[in-house]
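# Notes for the structure review
Each chain is listed here by its residues.
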Protein chains: 4
Amino acid sequence: MITVLKPGTTEAQKSHLIDWLKEQGLDVHVSVGQDYTVLGLIGDTSHVDMDLIASLDIVEAVKRVTEPYKQCSRKFHPDDTVVDIGGVKIGGGNFALIAGPCSVESEEQIIAVAKAVKASGASLLRGGAFKPRTSPYDFQGLKADGIELLLEAKKITGLPIVTEIMNANHLPLFEEVDLIQVGARNMQNFELLKELGRIDRPILLKRGLANTLKELLMSAEYIMAGGNDKIILCERGIRTFESYTRNTLDLSAVPMLHELTHLPVIIDPSHATGVNRLVGPMAAAAAACGADGIMIEVHNDPPHALCDGAQSLTPDQFDDVARKVSAIREIVAK
Amino acid sequence: MITVLKPGTTEAQKSHLIDWLKEQGLDVHVSVGQDYTVLGLIGDTSHVDMDLIASLDIVEAVKRVTEPYKQCSRKFHPDDTVVDIGGVKIGGGNFALIAGPCSVESEEQIIAVAKAVKASGASLLRGGAFKPRTSPYDFQGLKADGIELLLEAKKITGLPIVTEIMNANHLPLFEEVDLIQVGARNMQNFELLKELGRIDRPILLKRGLANTLKELLMSAEYIMAGGNDKIILCERGIRTFESYTRNTLDLSAVPMLHELTHLPVIIDPSHATGVNRLVGPMAAAAAACGADGIMIEVHNDPPHALCDGAQSLTPDQFDDVARKVSAIREIVAK
Amino acid sequence: MITVLKPGTTEAQKSHLIDWLKEQGLDVHVSVGQDYTVLGLIGDTSHVDMDLIASLDIVEAVKRVTEPYKQCSRKFHPDDTVVDIGGVKIGGGNFALIAGPCSVESEEQIIAVAKAVKASGASLLRGGAFKPRTSPYDFQGLKADGIELLLEAKKITGLPIVTEIMNANHLPLFEEVDLIQVGARNMQNFELLKELGRIDRPILLKRGLANTLKELLMSAEYIMAGGNDKIILCERGIRTFESYTRNTLDLSAVPMLHELTHLPVIIDPSHATGVNRLVGPMAAAAAACGADGIMIEVHNDPPHALCDGAQSLTPDQFDDVARKVSAIREIVAK
Amino acid sequence: MITVLKPGTTEAQKSHLIDWLKEQGLDVHVSVGQDYTVLGLIGDTSHVDMDLIASLDIVEAVKRVTEPYKQCSRKFHPDDTVVDIGGVKIGGGNFALIAGPCSVESEEQIIAVAKAVKASGASLLRGGAFKPRTSPYDFQGLKADGIELLLEAKKITGLPIVTEIMNANHLPLFEEVDLIQVGARNMQNFELLKELGRIDRPILLKRGLANTLKELLMSAEYIMAGGNDKIILCERGIRTFESYTRNTLDLSAVPMLHELTHLPVIIDPSHATGVNRLVGPMAAAAAACGADGIMIEVHNDPPHALCDGAQSLTPDQFDDVARKVSAIREIVAK
């Protein structure tokens, strides 16, 4: 971090500031020019309050040279991280299709969907057991029973499973879950992130609805700071003023994150758009811009068959999408 | 909830839908007109997936007649809720100034600030003990020691205290905290909300950075559904594209929430703007549009004295603001 | 449009409302059911103030059955519109790469860039002559001279040209411009749109920074209402809270607009991201989700060579992007 | 503007950059320190592309010391500007209530409303003659006839009038309009702004739906650069994700703009909220945070009497609001 002092700064003011910076554990390299003095702050500046320094009367400019995230930064770890999820690899050129229903509803349902998506090329099975719902009166998922059903489907199909955790106290129930998902609403539930940093299991971290990429990386940093570096980032739409789609899928996050971090980046077009007719085109676009994986909602249950389904694909529709994604992947990989 | 079926709907399609709705525990009142059939859904429709019904081919329109929140709705509870916080009332014409430092730093600091803000008319003391920080490397608060210091300041000044909880497992440490704050980042940490619904203590629920008022009320509903109706809502700025201020304070939330709910509504102008020079004008505006309370950051510690302070007021500045707020309150109350 | 009246509505209230609706030139089809009365409003409801009706005490629900746009709606014109721009077709399966510098700077520059992008497969040349600049002190473009230089480049390369108009009074200068661009900031400059509706020339209409897709279509409707149906829509990023990219490219606009309208839809990844390293991946993604064209900034001038260029590609970089886009197009077209 | 060069920058690179900066008409003051070299750019840097310089490999940091706006900046003109509108002053402690209907509909209507709002303390009459409508099929206003009716109402009541211009070619019709409004959708219609810079008439410049305060000031700068310094800024709500209100009123814009500029700042709570029940509280809040004026929609026409009116007040409601605003003004002015 560098700090440029204004031309009229007195020696007393300068020493006062330098002393205060040193108290915070930093080395300060002073570079006196004709008009300006530049302070180079050396050491761990990630905890320094830049806004506070910038607001000082004697300061002309402050600039971070390094981003506040470190362990997840591409600068400190140039090679792609490859995350192994029960034998399935994501990142570093390894691509995975993740598919399954929004909620696990019954043994019959989850096994049928698991078989269908596997046949179409999915390598991981998703399904909600603990469901974060805006309303306390909405169905909150089958909870522990839902995880049991996912494990049953895993036994039959061999697909590793991913499901969402909402409370660190539930961790014992997640013992056999291959990839633990942190939902968008919990992206800055720092207490949960800290707990997940202490275990040795892959984490799927979803971007919050109104969180910047920097904040997403800071949340990944919370997990890595605890010792767990098996993290996959997921863009799933951000909140804007547009109302034809539920959220706005920010696909530029894929190449931008690939530049900033070594962690794999996947896309969830189902939650992002909320419209099943847009899932295929957005999955194709995600593959084209280099995503390391795509997570898609697929259902085959009768009640939804009544209608389009708000955002889920049928197994047949998923099969079409999987083919197109695969063909695009081949071109992009060249 | 009413559902209008399209003119061409067949009897078979109609019965199919009605059966499915009844399976969900609803009574269905069918009203057949010349062209359209209107289904009146009676019973607890708060858990019905409106998007799913709207997406059916045979459905022309769906409209909720009641909002999905109930216990916090003004419709079901026309009188203002008055929350009693260790003897200090908020709501129903009772107004409270809440003040204190962003973080509790030392006994000297918190006691000095508490005395100063009490002298200026504050009736509650705020101070962060557990701090939600974007970066794992930032100061995370004094934690349990911070709560001890707040209680020390309470003993000396008599001011009830408010501080933030980030983890339901910490509840034993909050035994003597008068008002427990849920921060913006945890507004949709539903597991935490459920736990807070089970205790008998006032809760200060802050609106998330990108959450709608409807979502804020649904989160309050989570707490009320558990049996705790001592809730105060707090608007603290939402995320927009504007960059001169940290967030955009949505003051229209005050009269809008007063119309929708019986719960008290307070404003936090310090976090909303992030600029201490704007805190006074925004506090005055909050009082003018009917807020039931205002929460302001006040510090008196030397390191911050170096500068403006990003968003805190000095005790003298707070005293000026308190006077103006009080005068405006008198006019508005007339 | 249908309007559902509440159960207790009196005959007098009903007639009062029906009379008022008829005064507005609508036929009203009344369908009386057991509880509810449904009014079907027939005729041109595009000018009816839905909010006003919805706010009436006796109204339970109002729902538009048709969108307020008509001529640009897919419903009224199921086949894709193909726009012919000096012999180059866009839409209905016809794809075009549009490339060129942000601003026309000199004859040498524009001709060199035109030759380079043509060699890489561009079929239209873009270049700014009249530049909308946030600051009155910024370079405002070469204006009429810039158009002359574009025409010179067209004569040499045969590429039809596209450039932005900011004032209807400048139309005489645009006599030989093949495709006239309306910039994002003028998307709701209705006076300009009306003038462009009166001419017989293709129009490239860019989405405003904070405009919904519905508003974009309503602006297209302004042009079509005047008689000009040669319109190409362009998504170029919307304004969000994310700051690593200049705007957030909303690629789901492509399949969504294809569903709503018959007009061609193109993508401008250069302005959307503001970062040249993201242009290639976003162009690939645009092709993958079915865009009818992509518009890319390409420069070859020495001053910019000093640096990355904030958002422009070099001719070599453009050549790579063009190849990848072409390969992806082949898969998607299958 | 200062530019900090990285430690390893060579002399050749440094001279190359300095030469290029000088070519742009700047003086460059070089300050060489031990590690860093700081370039102080002196002269008119308002047209310098900061992003371009920041993107150079050799540049560590760039910081504007002065904002890109000059004539409207408080720094260059510390005293408040007072705008005189046909004898009514706004700014520098002078406050004005502006009221009237959304659209001028008839002589009877505009005169009745004008008399009513004058009686309640309004000092300016607003009314739409040329209406910017999202749909080409919506009522576009009475145009020239509407202006005639406003002038008629002015003759009878003595209230100066304000109405919106959408096209510089209409200026001859605005000869007798006291305050010419530029609507939110035209805030960056730079061609219109330039024309208004050439006349000697007060301009009411509304902030665009997704424009920053900096962009609003740059648009004011366009008008001032032409020689017209009679500008009043107006905040009227920005676009966010919240849907209970039409837009989100950004009241912190009032004190923030007062710090940045000497121009008067007024608030339009009617368009901001779109809900008439919120207009009174937001008007009170605007007065409390120091707005120089408030513009409110008031109607008295029968068709709207059917309902609440989406955002207009009745004359009686306006009278109440005017009283409260006046009382708050007295406290704030102290």
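Residues numbered from 1 in each chain as written. Chains lettered and ligands numbered in written order. Predicted model: local features only at pLDDT ≥ 70, side-chain atom pairs only at ≥ 80, totals over all residues. Heavy atoms only, no water.

## Quick look at the overall build of chain A
- Counting its secondary structure elements, chain A contains 11 helices and 14 strands.
- Across its three principal axes, chain A shows a C-alpha extent of roughly 75 × 40 × 35 Å.
- Evaluated residue by residue, chain A yields a buried proportion of 64% over its 334 residues.
- Accessible surface, chain A as shown: approximately 11500 Å² in total, 48% of it carbon and sulfur.
- Distance between charge centres in chain A, computed from 33 positive and 44 negative side chains, equals 2 Å. (Helix = DSSP H or I, 4+ residues; strand = E, 2+ residues; numbered from the N terminus. Buried < 20%, exposed > 50% of the residue type's maximum accessible area, 1.4 Å probe, protein only. Areas by Shrake-Rupley, 256 points an atom, 1.4 Å probe, with all protein chains shown as cover. Lys, Arg positive; Asp, Glu negative; His and termini not counted. Charge placed at Lys NZ, Arg CZ, Asp CG, Glu CD.)

## What to know about the relation of the copies chain D and chain A
- In the superposition of chain D on chain A (RMSD 0.0 Å, axial shift 0.0 Å), the rotation amounts to 180 degrees. Such a combination of turn and shift is consistent with a two-fold rotation axis. Proximity to the rotation axis, assessed at the C-alpha, singles out D:Gly33 in chain D; its C-alpha lies 2.1 Å from the axis.
- Interface residue correspondence from chain D to chain A reaches 100%, placing this contact among same-surface, isologous pairings. (Least-squares fit on C-alpha atoms with pLDDT ≥ 70 in both. Contact = heavy atoms within 4.5 Å.)

## Section: the sheet that holds strand S11 (residues 203-206) of chain A
Residues and elements named next belong to chain A.
- Overall, parallel pairing links the eight strands, which are arranged S7-S8-S9-S10-S11-S12-S13-S14 in a closed barrel. The mean inter-strand angle of the sheet, taken between neighbouring strand axes irrespective of direction, is 30 degrees.
- In this structure, strand S10 (residues 179-182) lies alongside S11, joined through three bridges in parallel fashion. For Val182, the partnering residue across the bridge sits in S11 and is Leu205. (Pairing = 2+ DSSP bridges. Axes fitted to C-alpha atoms, helices over the stretch in contact; angles between N-to-C directions.)

## Comments concerning the packing of helix H3 (residues 107-119) of chain D against helix H4 (residues 144-157) of chain D
Residue and element names in this part refer to chain D.
- Running from N to C, H3 and H4 cross one another at 40 degrees; their axes reach a closest spacing of 9 Å. As summarised for this structure, H3 and H4 are arranged oblique, according to the angle between their axes. Crossing of H3 over H4 shows right-handed handedness. Contacts between H3 and H4 pair Glu107, Ile110, Ile111, Ala114, Lys115 and Lys118 from the former with Leu149, Leu150, Glu152, Ala153, Ile156 and Thr157 from the latter.
- Residue composition of the contact of H3 with H4, grouped by class: seven nonpolar, one polar and four charged. (Parallel < 35°, antiparallel > 145°, perpendicular 65-115°, else oblique. Left-handed = near helix turned anticlockwise from the far one by under 90°. Nonpolar A, V, L, I, M, F, W, Y, C, P; charged D, E, K, R; others polar.)

## Points about unusual backbone geometry
- Its identity as a non-glycine residue notwithstanding, B:Lys143 has a phi of 55 degrees, on the positive side.
- Secondary-structure assignment places B:Lys143 in the loop between strand S8 (124-126) and helix H4 (144-157).

## Concerning helix H6 (residues 213-225) of chain D
Residue and element names in this part refer to chain D.
- For H6, spanning 13 residues, the distance from its first C-alpha to its last is 18 Å, which sits close to the expected 18 Å at 1.5 Å a residue.
- Counting buried positions over the 13 residues of H6 gives 11, a clear majority of the element.
- Listed in full, the buried residues belonging to H6 are Leu213, Glu215, Leu216, Leu217, Met218, Ser219, Ala220, Glu221, Tyr222, Ile223 and Met224.
- Here the buried face of H6 lies against helix H5 (190-197), strand S11 (203-206), strand S12 (231-235) and helix H7 (253-260).
- Once H6 finishes, Gly227 follows within two positions and takes phi at roughly 115 degrees, a positive value. (Expected span 1.5 Å × (residues − 1).)

## Examining the domain arrangement of chain A
- According to the domain assignment, chain A contains domain 1 (2-63) and domain 2 (83-333).
- Taking only C-alpha atoms into account, the centre of domain 1 of chain A sits 44 Å from that of domain 2 of chain A. (Domains from an automatic or database assignment.)

## Here we look at the state of the cysteines
Residue and element names in this part refer to chain D.
- Summed over all chains, the structure comprises zero disulfides over all chains.
- The closest cysteine sulfur to the non-disulfide-bonded Cys234 is located on Cys289, 13 Å from its own sulfur.
- Judged by its relative accessible area of 0%, Cys234 falls in the buried class. (Disulfide = S-S within 2.5 Å.)

## Topic: the relation of the copies chain B and chain A
- Rotating chain B by 180 degrees about the axis while translating it 0.0 Å along that axis superimposes it on chain A, leaving an RMSD of 0.1 Å.
- An overlap of 98% is found between the interface residues of chain B and their copies at the interface of chain A, pointing to a shared contact surface.

## Thoughts on helix H4 (residues 144-157) of chain A
Residue and element names in this part refer to chain A.
- With 14 residues, H4 should cover 20 Å at 1.5 Å per step; its first-to-last C-alpha distance of 20 Å lies within 8% of that length.
- All of the buried residues along H4 are Gly146, Ile147, Leu149, Leu150, Leu151, Ala153 and Thr157.
- The positive-phi residue at the C-terminal boundary of H4 is Gly158, with phi of around 85 degrees.

## Here's the deal with the pairing of S11(D)
Residues and elements named next belong to chain D.
- Residues Ile203 and Leu205 line one face of S11 and the alternating positions Leu204 and Lys206 line the opposite face, and both faces are buried.
- The parallel pair strand S10 (residues 179-182) and S11 is bridged by H5, and the resulting crossover is right-handed.
- The pairing of S11 with S12 spans four bridges and is parallel. Note on S12: the bridge partner recorded for Leu205 is Leu233.
- Taking the sense of rotation as the criterion, the β-α-β connection linking S11, H6 and S12 turns out right-handed. (Right-handed = clockwise from strand over helix to strand, strands pointing away.)

## Describing the interface of chain D and chain A
- Contacts between the two partners involve 18 residues from chain D, matched on the other side by 18 residues from chain A.
- Summed over both partners, the interface of chain D with chain A comes to about 1600 Å²; 62% of that surface belongs to carbon and sulfur atoms.
- Summed over the shared surface of chain D and chain A, the number is zero residue pairs in polar contact (both at pLDDT 80 or more).
- Where the side of chain D that touches chain A is concerned, the elements lending two or more residues are strand S1 (2-5), strand S2 (27-32) and strand S4 (59-63) of chain D.
- Looking at the side of chain D that touches chain A, the element that brings in the most residues is S2(D), giving four residues. (Buried area = accessible area lost by both parts, 1.4 Å probe. Polar contact = N/O pair within 3.5 Å; in protein donor to acceptor, adjacent residues only side chain to side chain.)

## Some remarks on the sheet that holds strand S3 (residues 37-42) of chain C
Residue and element names in this part refer to chain C.
- Pairing within the open sheet is antiparallel, and its four strands lie in the order S2-S3-S1-S4. What marks the edges here is a single partner per strand, and that holds for strand S2 (27-32) and strand S4 (59-63). Across the sheet, the mean angle from the axis of one strand to that of its neighbour is 20 degrees, orientation sign disregarded.
- Relative to S4, strand S1 (residues 2-5) runs antiparallel, the two sharing four bridges. Bridging across to S4, Thr3 finds its partner in Val62.

## Some details on the interface of chain B and chain A
- With 44 residues of chain B in contact, the opposing surface of chain A contributes 43 residues.
- A buried area of about 4200 Å², summed over both sides, lies between chain B and chain A, and 57% of it is on carbon and sulfur atoms.
- Counting the contacts that link chain B with chain A gives two salt bridges.
- In this structure, the salt-bridge partner of A:Glu215 is B:Arg239, at a minimum N-O distance of 2.7 Å.
- Viewed at the interface, chain A and chain B are joined by 19 residue pairs in polar contact (both at pLDDT 80 or more).
- Where the side of chain B that touches chain A is concerned, the elements lending two or more residues are helix H1 (11-23), helix H5 (190-197), helix H6 (213-225) and helix H10 (302-305) of chain B. (Salt bridge = Lys/Arg side-chain N within 4 Å of Asp/Glu carboxyl O.)

## A look at the nonpolar core
- Membership of the largest hydrophobic core comes to 321 residues, with the highest contact counts inside it found for A:Leu251, B:Leu251, C:Leu251, D:Leu205 and D:Leu251.
- Each residue touching B:Leu251, except ones within four places of it in the same chain, is listed here: B:Ile267, B:Met282, B:Ala285, B:Ala286, B:Cys289, D:Leu251, D:Met282 and D:Ala285. (Core = buried A, V, L, I, M, F, W, Y, C linked by side-chain atoms within 4.5 Å.)

## Topic: the packing of aromatic side chains
- Enumeration according to the criterion identifies eight aromatic pairs over all chains in this entry.
- When the ring of B:Phe190 is compared with that of B:Tyr222, the centres are 4.6 Å apart and the planes differ by 20 degrees; the resulting orientation is stacked. In this pair, B:Phe190 is assigned in helix H5 and B:Tyr222 in helix H6, connecting sequence segments 32 residues apart. No difference in accessibility class separates B:Phe190 from B:Tyr222, as the two residues are buried.
- Here D:Phe130 and D:Phe174 contribute two aromatic rings whose centre-to-centre distance is 6.0 Å and whose plane-to-plane angle is 25 degrees, an arrangement assigned as stacked. Linking D:Phe130 in the loop between strand S8 (124-126) and H4 with D:Phe174 in the loop between strand S9 (161-165) and S10, this pair joins segments that are 44 residues apart in sequence.
- Its relative accessible area of 6% is what places D:Phe130 among the buried residues.
- A cation over an aromatic ring shows up here: C:Lys70 above the ring of D:Tyr137, its NZ or CZ 4.8 Å from the ring centre. (Phe/Tyr/Trp six-rings, centres within 6.5 Å; stacked < 30°, edge-to-face > 60°. Lys NZ or Arg CZ within 6 Å of the ring centre and 35° of its normal.)

## Things to note about the side chain of D:Gln188
- You can see D:Gln188 is positioned in the loop between S10 and H5.
- Within the structure, D:Gln188 has its side chain in polar contact with the side chain of D:Asn211 (distance 3.4 Å).
- Not counting the four nearest positions on each side in its chain, D:Gln188 is found in contact with C:Thr134, C:Arg185, D:Asn211, D:Glu215 and D:Ser219.

## Some points on the pairing of strand S10 (residues 179-182) of chain B
Residue and element names in this part refer to chain B.
- Residue alternation in S10 divides its side chains into two sets, Leu179 and Gln181 and Ile180 and Val182, and both sets are buried.
- Direction of pairing for strand S9 (residues 161-165) relative to S10: parallel, over a ladder of four bridges. Counted as the bridge partner of Glu164 is Gln181 from S10.

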